[in-house]
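Residue-level listing of the chains:
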Amino acid sequence: MPERYIGRFAPSPTGPLHFGSLLAAVASYLDARASGGLWLVRMEDIDPPREVAGAADTILRQLEAHGLQWDRQVLFQSERQPAYAAIVDDWLSRDMAYCCACSRKDVRAMGGIYDGRCRHRHIAREGNAVRVWVPPNTSIRFDDLFQGRQWQVLDSEVGDFIIRRRDGLFAYQLAAAADDLHQGITHVIRGSDLLDSTPRQIFLLRLLGANAPVYGHIPVAVNPGGQKLSKQTLALSIDHRDPARNLLQALAWLGVPVEPALAGAGPGDILEGARQLWSPRCVPVSLSRPAPSGWA
Ligand code: GLU
């Protein structure tokens with residue numbers, strides 16, 4: 001029997017949802033529901049300096065207001081620290097990872113790709129980063145649902161990469177891979193800004209003895225200057241007083257041919273109509289597209 005589809009939406013609580021993050025939520029939700037699957041929400045609260053008090057709660061209220069009801073309990077990555085620590089300890093003890101004292105400036109001087117110089121230096125743990133060792137000829141290939149075939153030679157294009165930062169915080173790549181495995185995620189639908197993280201996550205999943213999920217990277221919404229909508233570009237928060245309007249705009253942007261008849265409907269009916277029409281083929285093949293006016 002094929003395994004059951006389990007999808008997820010994994011926001012970072014660095015601010016409320018904006019149009020760009022609503023697109024990732026809607027696309028991952030529809031792809032899961034159209035396959036009769038589960039849709040989980042994971043709060044990626046692993047970087048306290050970047051987080052905004054109350055943002056996690058705001059995001060959950062915004063999802064609810066848009067009818068984006070998740071399954072199971074929300075997983076908070078801040079509660080998963082012992083699991084990430086156990087992985088890092090295990091890999092250090094098996095020489096699959098090592099401590100590294102090099103600064104960003106050092107890495108820039110190497111041409112941006114870490115050359116492995118701390119591999120055999122027996123650097124102290126305290127105050128230093130931990131890198132995972134990427135063996136030669138680590139070539140990662142995957143077929144993206146929206147962007148087609150992707151291929152990266154991880155050792156020469158990325159190099160050994162950080163899994164725990166020098167300040168002791170765990171890297172996004174490690175936490176995401178560990179939790180996609182922990183939650184049994186079969187499909188990862190998210191923005192194309194994360195496309196180049198995917199080979200690293202597939203590699204980490206392999207080290208954890210797991211198969212990679214299916215990945216699909218939708219285009220990201222950009223402002224007139226071509227920048228991805230984000231807190232840094234002052235993207236507007238989604239106004240949850242008019243969720244139906246927001247959903248219809250998100251669906252139109254994603255290329256889902258929702259009927260004009262749904263124009264006066266509530267979020268639940270709009271999502272159900274969209275679920276029936278959803279196919280990854282609706283979404284224009286592109287890495288980015290302009291956000292509708294008023295959102296950027
Ligand atoms: N937390 C990440 C973000 O908000 C997304 C992670 C993911 O979907 O893998 O950009």
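Please read all numbers here as calculations on a predicted model, not as lab measurements.

Colleague: Describe the overall build of the chain, naming the residues involved and giving the relevant values.
Modeller: Counting secondary structure elements, the chain contains 9 helices and 12 strands. Expected size for 296 residues packed as a compact globule is a radius of gyration near 19 Å; at 20 Å, the chain falls within 12% of this value. In the chain, which comprises 296 residues, the proportion classed as buried is 53%. Considering only contacts within the chain whose residues lie at least 6 apart along the sequence, 77% involve residues at least 24 apart. For the chain, the exposed area adds up to about 13800 Å²; of that, 52% sits on carbon and sulfur atoms.

Colleague: With reference to specific residues and values, describe the sheet that holds strand S4 (residues 97-100).
Modeller: Overall, antiparallel pairing links the 3 strands, which are arranged S4-S5-S8 in an open sheet. Pairing within the sheet leaves two strands with one partner each, and these edge strands are S4 and strand S8 (161-164). Taking each pair of neighbouring strands and ignoring which way they run, the sheet shows an average axis angle of 45°. Where strand S5 (residues 129-132) lies against S8, 3 bridges are found, and the strand directions are antiparallel. By the bridge assignment for S8, arginine 131 is matched with isoleucine 162. This element, helix H3 (residues 81-93), spans S4, S5 and S8 of the sheet and lies at about 95° to S4.

Colleague: Outline helix H8 (residues 243-254), listing residues and values.
Modeller: Taking 1.5 Å as the rise per residue, H8 with 12 residues should run 16 Å; its terminal C-alpha atoms sit 16 Å apart, in good agreement. The set of residues buried in H8 consists of Pro243, Ala244, Asn246, Leu247, Ala250, Leu251, Trp253 and Leu254. Tucked into the core, H8 has its buried residues touching helix H1 (19-34), helix H2 (55-65), strand S10 (214-218), strand S11 (220-222), helix H9 (267-277) and strand S12 (288-290). Phi turns positive, to about 85°, at glycine 255, one or two residues after H8.

Colleague: Now, about the pairing of strand S9 (residues 187-191): what can you tell me, with residues and values included?
Modeller: Extensive coverage of S9 is indicated by the burial of 5 of its 5 residues. Pairing geometry for strand S1 (residues 6-9) and S9, over 2 bridges, is parallel. Considered in S9, the bridge of arginine 8 is made with valine 188. When S9 meets S10, the two strands line up parallel, connected through 5 bridges. Across the sheet, glycine 191 pairs through a bridge with isoleucine 218, a residue of S10. Since S9 and S10 lie parallel, the crossover through helix H7 (residues 198-207) that links them has a hand, and here it is right-handed.

So, how was this worked out
- Residues numbered from 1 in each chain as written.
- Predicted model: local features only at pLDDT ≥ 70, side-chain atom pairs only at ≥ 80, totals over all residues.
- Heavy atoms only, no water.
- Helix = DSSP H or I, 4+ residues; strand = E, 2+ residues; numbered from the N terminus.
- Rg over C-alpha atoms; globule rule 2.2 N^0.38 Å.
- Buried < 20%, exposed > 50% of the residue type's maximum accessible area, 1.4 Å probe, protein only.
- Contact = heavy atoms within 4.5 Å.
- Areas by Shrake-Rupley, 256 points an atom, 1.4 Å probe, with all protein chains shown as cover.
- Pairing = 2+ DSSP bridges.
- Axes fitted to C-alpha atoms, helices over the stretch in contact; angles between N-to-C directions.
- Expected span 1.5 Å × (residues − 1).
- Right-handed = clockwise from strand over helix to strand, strands pointing away.

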